[in-house]
Amino acid sequence: MTVRWGFLGAGGIATTALAPAVHAASGAVLQAVAARDLARASALGPASAYDDYAALLADEDVDAVYISLSNEAHLPWSVAAMQAGKAVLCEKPLALTAAEVDVLAAVSAETGQLLVEASWYRWHPRIRLAQQRLSEIGPVRHVTAGFTFDGSLDGNYRLDPSRGGGALYDVGCYAVSACLWAVSEGLPSVVSARSSYGPTGVDLVTEAVLEWASGAEAEVQAGIRGRDGQWLVLTGERGEIELRDAPYTSWKDDDTELWVSDGRDTERVPVPATDAYRVMVEEVSSVLSGGPGWVLPLAESRQTAAVLDAIRASAASGEPVRVG
C-alpha cells in the first residue's frame, strides 16, 4: 500500500524537508498540500493543491496528514484531521500542554487514527544507536542537553506567546525528550527552572534542572537568542555517551559520530549521513500500511509535554515544581 499524504501548511520545514522526504520515500506519495497561498502549496509538487485546510481534510484521496502549522494550531487541526478519518503526523511540540496531549490521545483512541509527533531526530540512526548502547554505560546518572541558536526572528511566530512561541517550545522539546529517553525512569520528580523573557513575553533562554527520585539529574538549556550550539552528553555509572555535532538536527549531508567511553578508552562510532525526515515518513507510512516500523509513542510525547509544563511553571514562579 502507498500512503497518500496531505500537508497542512507549506512553510519552511514542509518545503525544504518533508515534501522532498515524501517524494523520495518508498511507500509514500504527496497527494495534496493546503496553504493560505495556493502557489506555495502547488510549489511542493502535490497531485492536488488547496488554499483551504478543511478542503484537504475532505479529500478522500488523502490517507494521512502532516501538520506543520504554528504551535497553537497543532491541537485543533490534529483533532479535525483525525475526526475526518486521517492519520496524523504533527510537528513538535505535539501540543502546548500535557492536558492538550491528553485531548489528542482521547481523539486518537476514539477515531482509531494513528497520531505521531514528528520529532524527527528520534528516527536518526545515531539516536537509535545511542539508545541501544545505553546499557554499556550503566544506569544514566547525569545528562547535559542543550539546543540554542541566534536567529533573525522579527515577525516570526516564535516571538508570539499567543501562537506558542518561545525557546522552550521551539528547541527545548528536543533536549527535554532526550533527557527522558536517556534516563529512562519516567518523569522526573522535581524541576527547577529560570527563563529570560523578551519584550513580547516569550522565553528567549530557558535553563532547567530535572531531578529523579533515584538521584539521576539532567541539565537542560534552550535558547533562541545567543550562541549557536547543540549538545547531548549521557553519563552513566560505567561510562559516557556523547553525541557531537548537531545531535538534534543532523541531516542528509551530515556524517556523524557516536562517542562511547568506558572511562579508559573512547570508541568513535561513525554514522553515515541520513535523511531522518525520510526515515520518519517511510516508517510511519509502513506502520499505516500494516508493515514494520517504529513510531514515537504518544506516552513519550505526553511525558515531554508534562516536563515542559513544569519547567514553564517553575520559571514563572521562581520555585521548584513537582512534576505530575
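See the structure above.
Since the model is a prediction, treat every value here as computed from it, not as a measurement.

Caption draft 1: Representation of the overall build of the chain within the structure. When its secondary structure is counted, the chain shows nine helices and 15 strands. For the chain, whose C-alpha radius of gyration is 19 Å, the value lies close to the compact-globule estimate of 20 Å for 324 residues. Seen through its principal axes, the chain has C-alpha atoms that stretch 55 × 45 × 40 Å. When each of the 324 residues of the chain is scored for burial, the buried share is 53%. Looking at the chain alone, contacts between residues at least 24 apart form 65% of all its contacts between residues at least 6 apart. As displayed, the chain offers around 13200 Å² of accessible surface, 49% of which is attributable to carbon and sulfur atoms.

Caption draft 2: The pairing of strand β10 (residues 217-223), seen in detail. Relative to β10, strand β7 (residues 140-148) runs parallel, the two sharing seven bridges. When the sheet's bridge partners are listed, A145 is paired in β10 with V220. Bridging between strand β9 (residues 203-211) and β10 involves seven bridges; their strand directions are antiparallel. Across the sheet, A208 pairs through a bridge with V220, a residue of β10. Counted between consecutive antiparallel strands, the loop separating β9 from β10 contains five residues, among which G215 sits at a positive phi close to 105 degrees.

Caption draft 3: Fine view of the packing of helix α4 (residues 74-83) against helix α5 (residues 98-111). Running from N to C, α4 and α5 point in directions that differ by 5 degrees, and their axes come no closer than 9 Å. The angle between α4 and α5 falls in the class roughly parallel. Two secondary-structure elements touch here, α4 through L75, S78, V79, M82 and Q83 and α5 through E100, V103, L104, V107, S108 and T111. Split by residue class, the contact of α4 with α5 holds six nonpolar, four polar and one charged.

Caption draft 4: View of the nonpolar core. Core analysis: the biggest nonpolar cluster contains 84 residues, and W5, F7, V143, W181 and L210 have the highest contact counts within it. Ranked by residue count, the leading element in this core is helix α7 (residues 167-183), at 13 residues. Setting aside anything within four residues of it in sequence, one finds V143 in contact with C179, A182, V183, E217, A218, E219, L232, V233 and L234. With 26 residues, the next largest nonpolar core counts A34, L69, L75 and V79 among its residues.

Caption draft 5: View of helix α1 (residues 12-24). Across its 13 residues, α1 extends 18 Å between first and last C-alpha, which sits within 8% of the 18 Å expected from 1.5 Å per residue. Helix geometry: α1 is bent most strongly at L18, by close to 35 degrees, with proline P20 lying one to four residues after it. When α1 is considered as a whole, its buried residues turn out to be A14, A17, L18, A19, A21 and V22. Along its buried surface, α1 packs onto β1 (3-8), β2 (28-34), β4 (64-67), β5 (87-91) and α8 (276-288).

Caption draft 6: The packing of α1 against α8, seen in detail. Interhelical geometry of α1 versus α8 gives an angle of 55 degrees and a closest axis separation of 8 Å. Between α1 and α8, the crossing angle belongs to the class labelled oblique. The handedness of the crossing between α1 and α8 comes out as right-handed. Along its contact with α1, which presents I13, A17, L18, A21, V22 and A24, the element α8 presents Y277, R278, M280, V281 and E282. Residues that form the contact of α1 with α8 fall into these classes: nine nonpolar, no polar and two charged.

So, how was this worked out
- Residues numbered from 1 in each chain as written.
- Predicted model: local features only at pLDDT ≥ 70, side-chain atom pairs only at ≥ 80, totals over all residues.
- Heavy atoms only, no water.
- Helix = DSSP H or I, 4+ residues; strand = E, 2+ residues; numbered from the N terminus.
- Rg over C-alpha atoms; globule rule 2.2 N^0.38 Å.
- Buried < 20%, exposed > 50% of the residue type's maximum accessible area, 1.4 Å probe, protein only.
- Contact = heavy atoms within 4.5 Å.
- Areas by Shrake-Rupley, 256 points an atom, 1.4 Å probe, with all protein chains shown as cover.
- Pairing = 2+ DSSP bridges.
- Axes fitted to C-alpha atoms, helices over the stretch in contact; angles between N-to-C directions.
- Parallel < 35°, antiparallel > 145°, perpendicular 65-115°, else oblique.
- Nonpolar A, V, L, I, M, F, W, Y, C, P; charged D, E, K, R; others polar.
- Core = buried A, V, L, I, M, F, W, Y, C linked by side-chain atoms within 4.5 Å.
- Expected span 1.5 Å × (residues − 1).
- Bend = angle between axes of the 7 residues up to and from the residue.
- Left-handed = near helix turned anticlockwise from the far one by under 90°.

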